[in-house]
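Spelled out from the first residue to the last, the chains are:
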2 protein chains.
Amino acid sequence: MSEVSISDYLLTHLERGGGVPMNRQLYGLLRDGILGGAMLPGLRVPPSRALAVDLAVSRNTVTYAYDQLIAEGYLEARTGDGTYVADTEPDVARLPAAAGDAAEAAESSLLSGRGERLLSGTGASSAQWGAFMPGIPDITRFPNEVWSKLQARHWRRIAPGLLTYGDGAGYQPLREAIAGHLRTARSVNCTAEQVIVTSGTHQSIQLASTLLGEMGDTAWIEDPCYWGTRNVIRSSGLAPLPLPVDEEGMQMPEEALRTPPRFIFVTPSHQYPLGPVMSLARRRLLLEYAARNQVWVIEDDYDSEFRYSGPPLASLQGLDSHERVIYLGTFSKTLFPGLRIGFMVVPSALASRFARANAELFRDGQSFLHAVLADFMHEGHFSSHVRKMRQLYAERLACLQAAIHTELGGIALPSGGDAGLHLALGLPAGANDTAISQAAKSRGILTRPLSAYYAEPSSARPGLMLGYAAVPTERIPVLFGQLAEEIRGQLCHSDTHT
Amino acid sequence: MSEVSISDYLLTHLERGGGVPMNRQLYGLLRDGILGGAMLPGLRVPPSRALAVDLAVSRNTVTYAYDQLIAEGYLEARTGDGTYVADTEPDVARLPAAAGDAAEAAESSLLSGRGERLLSGTGASSAQWGAFMPGIPDITRFPNEVWSKLQARHWRRIAPGLLTYGDGAGYQPLREAIAGHLRTARSVNCTAEQVIVTSGTHQSIQLASTLLGEMGDTAWIEDPCYWGTRNVIRSSGLAPLPLPVDEEGMQMPEEALRTPPRFIFVTPSHQYPLGPVMSLARRRLLLEYAARNQVWVIEDDYDSEFRYSGPPLASLQGLDSHERVIYLGTFSKTLFPGLRIGFMVVPSALASRFARANAELFRDGQSFLHAVLADFMHEGHFSSHVRKMRQLYAERLACLQAAIHTELGGIALPSGGDAGLHLALGLPAGANDTAISQAAKSRGILTRPLSAYYAEPSSARPGLMLGYAAVPTERIPVLFGQLAEEIRGQLCHSDTHT
């Protein structure tokens, strides 16, 4: 292309009266000409005045395009000598030969192996709201006027400290409120200095895994367990070893005890997803074992604020006298999941290191949100909300249990209803819980198949996870009736075909 | 201990008129007696009526304590036969012998090796607000009344969908607003479907590293570079390979080109921390190389909305025609750091997988916050704020450059001031920038030593990172005067001693 043919090329391609301004079009056409190789390095472009005349545009239009192209390195202005196409073409000879057919390789291996594994497991559901989605509190009862008022109070004259990066451990008054709550309600031994505020249990697990474990270290997990625990520890490079759960919680067979792991992840107050409480004998064995073998015990106490039968049970952390327990909690169940605020209690000796590591790995902030939550707790709204919800959820639980008895008595058995926001509905051996869950979903009823929570498919028991906390009490009988119909139909169907 | 001596033990230890309620005290004393071994398994505890008489407390007090201890498994009620201490003592014989002196081992190795490495690097500063902290925008200028109003509008009648777990990719209207901004302002080729909202660049990097890379894969990083990039990719199991930076950006020597890495992390618009723009020739070489060798290019475009000299430069992503670039951005610099909202633009073929993986690894939510930000952008407050701040920061930059010239002309040379919120002040070879930074800190002036950003200590150049965006213009000459005094003093001091 020559100087003259540049004018011609531009004249042919400029769209007058279109949506794109002339200067942007000019820039784009010249850029494409250079990148495509039509305008070779060293070519002189027409002087802006001449090109403006040729194209019948203002000279500003041309200089805007030229300036932009010069700034980005497509053109270079040589003083007193005009403007030239710069030499930016990659020297292909410098590049090593491609390993194979690039397009094909790219197609077949977009994700890494660990990326594929991450996506292959059970996990986050695409639907997050509706009967009987497990793990969701009744967010329509959240006192949003109170929250909004506290929020407005902070934002009216927001302190700069609430808008910049925060302390790695979280906003101090929130740490104090959390420590106070945990001491009273969960018998956790802690001061505010041991509390690290995180964006939820996933972050808490990742922080503990990274700071305390090496790549390849073993972590015992309960089987079945929460999918997030499995995903995060695996993606942190730990090797999970699933141990079966019975009515006393995680089993610890002799064989496993012989090789101490680096971590033991447990849900002692309300095993997730099945529901049993870890027995005292097993708690004491676990703590003694952890102390003797320098094992870190990660206690995930995700929903124990809601206990319906008998007095609340003390945390495992409160029983530990060797500082081997790291306690995890969350506001996802007590307030609302979208808040994304969780917390961990770490041994004093580790507290400042966890705070620093949290800042290094995740940066930190949202103090403006921490401050609102701290006020919400200090002013008593948190306890009062939990108290009210406990009463409401107990009523809904009873209603669901009655509906199960009426509709499926003798066929399906609920368990884990002493606490939390869900129960596990055990189905007869051989039932295909995945098929039932899918069929129910097509009728607009959300459940999760219990078998999907197991790491060892051979030990998986069929069942359905049913959340009742967010379902209006009066709707429970009808909705469960529909689900029961589906269950009976599927069980019957599989009976006739096997 | 016998039934009678239990009464005696309790009588001796109960504190009457103290702060702790009698029923809690009774619970605690019995629990300690059992855990400490004074009350052995199989021991029968006195009937509640009898014990209440012995202790002169109400029977309710005793039954409360007994019920709690039964619920937690310390005691067991045998129907028609009274209440006994349960056998919960760990069978120590089952436990393997401890590997060595437990206490000593625990003391010496609280953190894992990777935990220690994480904490040993340069990183998040404990002070986050004040002259001349780099990377902080002027948060006192943030239009908090506008924000507060938008926030109140959502919270008055908050939609349940904004409070529960969110879509893994973020709130749809926010994704649309971000895509619109990026197309116009950063020449990024994207639709809303390619935008994944994250909690910031750290999370974006972790997501890309985990999904696209295996443990041990090589990642080229710029040397010097942002400490967070180095920390996060290392903690994700990648092996960083630092490549030196010159005035055209990251260098790519023949030797490095011969072994293609899995990732190349670059800051092409405004190299962090030194400031040069990556040249077009190098951009084209990089993209060609990435396409031929299936390398993922991670473009961190952290502060390019603020460009002061010449027109804004197009993103690297916009130049890529092989879908090898993942673009990262953040609101930390344009709005405020504590917001913790960032975003990434991924190739269309990967978008749904990134969204799912984000939910799996981090859970997700804060749609209530995304919704406010989406409104803030759609209603034009975002662009107007950026425009105002660009003008303000340009003024402050000029003021700082003048102060540098006045105070340290010929001694120290600023660079990287074409864009962003900071400049790098180069100091004479041999200057101890860490000592200068510490001395300045003791005078209340915050800087970061440039040498700390280098992975290769041998190639580190001394200098100071100076943030000017958050310093009131009229204070800059005085404050920089104080810093210059410290610099001159330290340089002089090191002259006389070497």
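Cut-offs used in this document
Residues numbered from 1 in each chain as written. Chains lettered and ligands numbered in written order. Predicted model: local features only at pLDDT ≥ 70, side-chain atom pairs only at ≥ 80, totals over all residues. Heavy atoms only, no water. Helix = DSSP H or I, 4+ residues; strand = E, 2+ residues; numbered from the N terminus. Rg over C-alpha atoms; globule rule 2.2 N^0.38 Å. Contact = heavy atoms within 4.5 Å. Lys, Arg positive; Asp, Glu negative; His and termini not counted. Charge placed at Lys NZ, Arg CZ, Asp CG, Glu CD. Axes fitted to C-alpha atoms, helices over the stretch in contact; angles between N-to-C directions. Parallel < 35°, antiparallel > 145°, perpendicular 65-115°, else oblique. Nonpolar A, V, L, I, M, F, W, Y, C, P; charged D, E, K, R; others polar. UniProt positions renumbered as here; feature names shortened; annotations may be inferred. Buried area = accessible area lost by both parts, 1.4 Å probe. Salt bridge = Lys/Arg side-chain N within 4 Å of Asp/Glu carboxyl O. Polar contact = N/O pair within 3.5 Å; in protein donor to acceptor, adjacent residues only side chain to side chain. Left-handed = near helix turned anticlockwise from the far one by under 90°. Pairing = 2+ DSSP bridges. Right-handed = clockwise from strand over helix to strand, strands pointing away. Least-squares fit on C-alpha atoms with pLDDT ≥ 70 in both. Buried < 20%, exposed > 50% of the residue type's maximum accessible area, 1.4 Å probe, protein only. Expected span 1.5 Å × (residues − 1). Domains from an automatic or database assignment. Core = buried A, V, L, I, M, F, W, Y, C linked by side-chain atoms within 4.5 Å.

Examining the overall build of chain A
Okay, step 1: If you tally the helices and strands in chain A, you get 17 helices and 15 strands.
Okay, step 2: Since a compact globule built from 498 residues should have a radius of gyration of about 23 Å, the 31 Å found for chain A marks it as more spread out than a globular shape.
Okay, step 3: Its C-alpha atoms put chain A at 90 × 60 × 55 Å along the principal axes.
Okay, step 4: Long-range contacts, defined as pairs at least 24 residues apart, comprise 72% of the intrachain contacts of chain A with a sequence gap of at least 6.
Okay, step 5: Both charge centroids of chain A, one from 43 positive and one from 51 negative side chains, sit 7 Å from each other.

A look at the packing of helix 6 (residues 113-120) of chain A against helix 13 (residues 348-362) of chain B
Okay, step 1: Across the interface, helix 6 of chain A lies against helix 13 of chain B with an axial gap of 10 Å and an inter-helix angle of 70°. When the axes of helix 6 of chain A and helix 13 of chain B are compared, the pair comes out roughly perpendicular. Taking contact as the criterion, the partners of Glu 116, Leu 118 and Leu 119 of chain A in helix 6 of chain A are, on helix 13 of chain B, Arg 353, Arg 356, Ala 357, Glu 360 and Leu 361 of chain B.
Okay, step 2: Residue composition of the contact of helix 6 of chain A with helix 13 of chain B, grouped by class: four nonpolar, no polar and four charged.

Notes on the UniProt feature "domain: HTH gntR-type" (unreviewed entry) in chain A
Okay, step 1: Here, the residues flagged by UniProt with the feature "domain: HTH gntR-type" (unreviewed entry) are residues 20-88 of chain A.
Okay, step 2: Summarising residues 20-88 of chain A: 52% helix, 14% strand, and an end-to-end C-alpha distance of 27 Å.

Here's the deal with unusual backbone geometry
Okay, step 1: Along the chain, Ala 131 of chain A connects to Phe 132 of chain A via a cis peptide bond; the corresponding omega equals -10°.
Okay, step 2: Mapped onto the secondary structure, Phe 132 of chain A falls in the loop between helix 6 and helix 7 (144-156).
Okay, step 3: Cis peptide bonds are those with omega within 30 degrees of zero, and the linkage from Tyr 272 of chain A to Pro 273 of chain A qualifies with 10°.
Okay, step 4: Its location among the elements puts Pro 273 of chain A in the loop between strand 8 (263-266) and helix 12 (280-293).
Okay, step 5: One non-glycine residue with positive phi stands out, namely Glu 323 of chain B, at about 55°.

Some details on the interface of chain B and chain A
Okay, step 1: Contacts between the two partners involve 121 residues from chain B and, on the opposite side, 121 residues from chain A.
Okay, step 2: Where chain B abuts chain A, roughly 10400 Å² becomes buried across the two surfaces, and 58% of that area is made up of carbon and sulfur atoms.
Okay, step 3: Summed over the shared surface of chain B and chain A, the result is zero salt bridges.
Okay, step 4: In this structure, the connection of chain B to chain A is made through 44 residue pairs in polar contact (both at pLDDT 80 or more).

Some words on the packing of helix 2 (residues 22-36) of chain A against helix 4 (residues 59-71) of chain A
Residue and element names in this part refer to chain A.
Okay, step 1: Viewed as axis vectors pointing N to C, helix 2 and helix 4 meet at an angle of 45°, and their least axial separation amounts to 8 Å. On the basis of their axis angle, the class for helix 2 and helix 4 is oblique. The chirality of how helix 2 crosses helix 4 is right-handed. Of helix 4, the residues touching helix 2 (which contributes Met 22, Asn 23, Arg 24, Leu 26, Tyr 27, Leu 30 and Arg 31) are Thr 61, Val 62, Tyr 64, Ala 65, Tyr 66, Gln 68 and Leu 69.
Okay, step 2: Taken together, the residues of the contact of helix 2 with helix 4 sort by class into nine nonpolar, three polar and two charged.

Digging into the pairing of strand 6 (residues 239-246) of chain B
Residue and element names in this part refer to chain B.
Okay, step 1: As paired elements, strand 5 (residues 218-223) and strand 6 share six bridges and run parallel to each other. Its bridge partner lying in strand 6, Ile 221 is registered against Pro 242.
Okay, step 2: This β-α-β element, strand 5 to helix 10 (residues 227-235) to strand 6, shows right-handed connectivity.
Okay, step 3: Pairing between strand 6 and strand 7 (residues 249-250): two bridges, direction antiparallel.

Re the relation of the copies chain B and chain A
Okay, step 1: Between the two copies, chain B and chain A, the superposition gives an RMSD of 0.1 Å; the rotation angle is 180° and the shift along the axis is 0.0 Å. Taken together, the rotation angle and the small translation identify this as a two-fold axis.
Okay, step 2: Here 100% of the contact residues of chain B are again contact residues in chain A; the copies associate through an equivalent surface.

Remarks on the side chain of Thr 334 of chain A
Okay, step 1: Relative to the elements of secondary structure, Thr 334 of chain A occurs in the loop between strand 10 (325-330) and strand 11 (342-345).
Okay, step 2: Residues in contact with Thr 334 of chain A, not counting those within four places in the same chain, are Glu 305, Phe 306, Phe 382, His 385 and Val 386 of chain A.

Remarks on the pattern of salt bridges
Residue and element names in this part refer to chain A.
Okay, step 1: In this structure the tally under the stated criterion is 29 salt bridges over all chains.
Okay, step 2: Glu 407 is paired through a salt bridge with Arg 488; the nearest N and O atoms lie 3.2 Å apart. One end of the pair, Glu 407, is in helix 15 (residues 381-408); the other, Arg 488, is in helix 17 (residues 476-497), and 81 residues separate them in sequence.
Okay, step 3: Looking at Glu 407, the relative accessible area reads 27%, which means it is partly exposed.

Regarding helix 9 (residues 201-212) of chain A
Note on helix geometry: an α-helix contains 3.6 residues per turn, so any two residues three or four positions apart are oriented the same way.
All names here are of chain A.
Okay, step 1: End to end, helix 9 covers 16 Å across 12 residues, agreeing with the expected 16 Å (1.5 Å per residue, within 8%).
Okay, step 2: With 12 of 12 residues buried, helix 9 lies mostly within the body of the structure.
Okay, step 3: Every buried residue of helix 9 is accounted for by Thr 201, His 202, Gln 203, Ser 204, Ile 205, Gln 206, Leu 207, Ala 208, Ser 209, Thr 210, Leu 211 and Leu 212.

Looking at the sheet that holds strand 2 (residues 75-78) of chain A
Residues and elements named next belong to chain A.
Okay, step 1: The strand order 1-3-2 describes an open sheet built from three strands, whose pairing is antiparallel. Both outer strands of the open sheet, strand 1 (44-45) and strand 2, are each paired with one neighbouring strand and no more.
Okay, step 2: Looking at chain direction, strand 1 and strand 3 (residues 82-85) are connected through two bridges and run antiparallel. Among the inter-strand pairings, Val 45 is bridged to a residue of strand 3, identified as Thr 83.
Okay, step 3: Seen against the sheet, helix 4 touches strand 1, strand 2 and strand 3 and runs at an angle of roughly 100° to strand 2.

Side note on the domain arrangement of chain A
When the parts of a complex come together, some accessible area is lost, and that lost area is often taken as the interface size.
Okay, step 1: Domain annotation of chain A identifies domain 1 (3-85), domain 2 (160-379) and domain 3 (384-497).
Okay, step 2: Computed from C-alpha coordinates alone, the two centres of domain 1 of chain A and domain 3 of chain A are separated by 68 Å.

Overview of the nonpolar core
Looking at soluble globular proteins, one finds that nonpolar side chains tend to be buried together.
Okay, step 1: Formed by 140 residues in total, the largest nonpolar core has its most connected members in Phe 480 of chain A together with Phe 480 of chain B.
Okay, step 2: Setting aside residues no more than four positions away along its own chain, Phe 480 of chain A makes contact with Phe 132, Leu 400, Ala 403, Ile 404, Glu 407, Leu 408, Leu 425 and Leu 466 of chain A.

Focus: the sheet that holds strand 7 (residues 249-250) of chain A
Residue and element names in this part refer to chain A.
Okay, step 1: The sheet built from eight strands is open, its strands ordered 4-11-10-9-8-5-6-7 with mixed pairing. Taken across any chain shown, the strands that pair with only one partner, and hence form the sheet edges, are strand 4 (195-198) and strand 7.
Okay, step 2: One ladder, built from two bridges, connects strand 5 (residues 218-223) with strand 8; its direction is parallel. Considered in strand 8, the bridge of Ala 219 is made with Phe 263.
Okay, step 3: Against the sheet, helix 13 (residues 348-362) touches strand 4, strand 9 (296-300), strand 10 and strand 11, its axis set at about 15° to strand 4.

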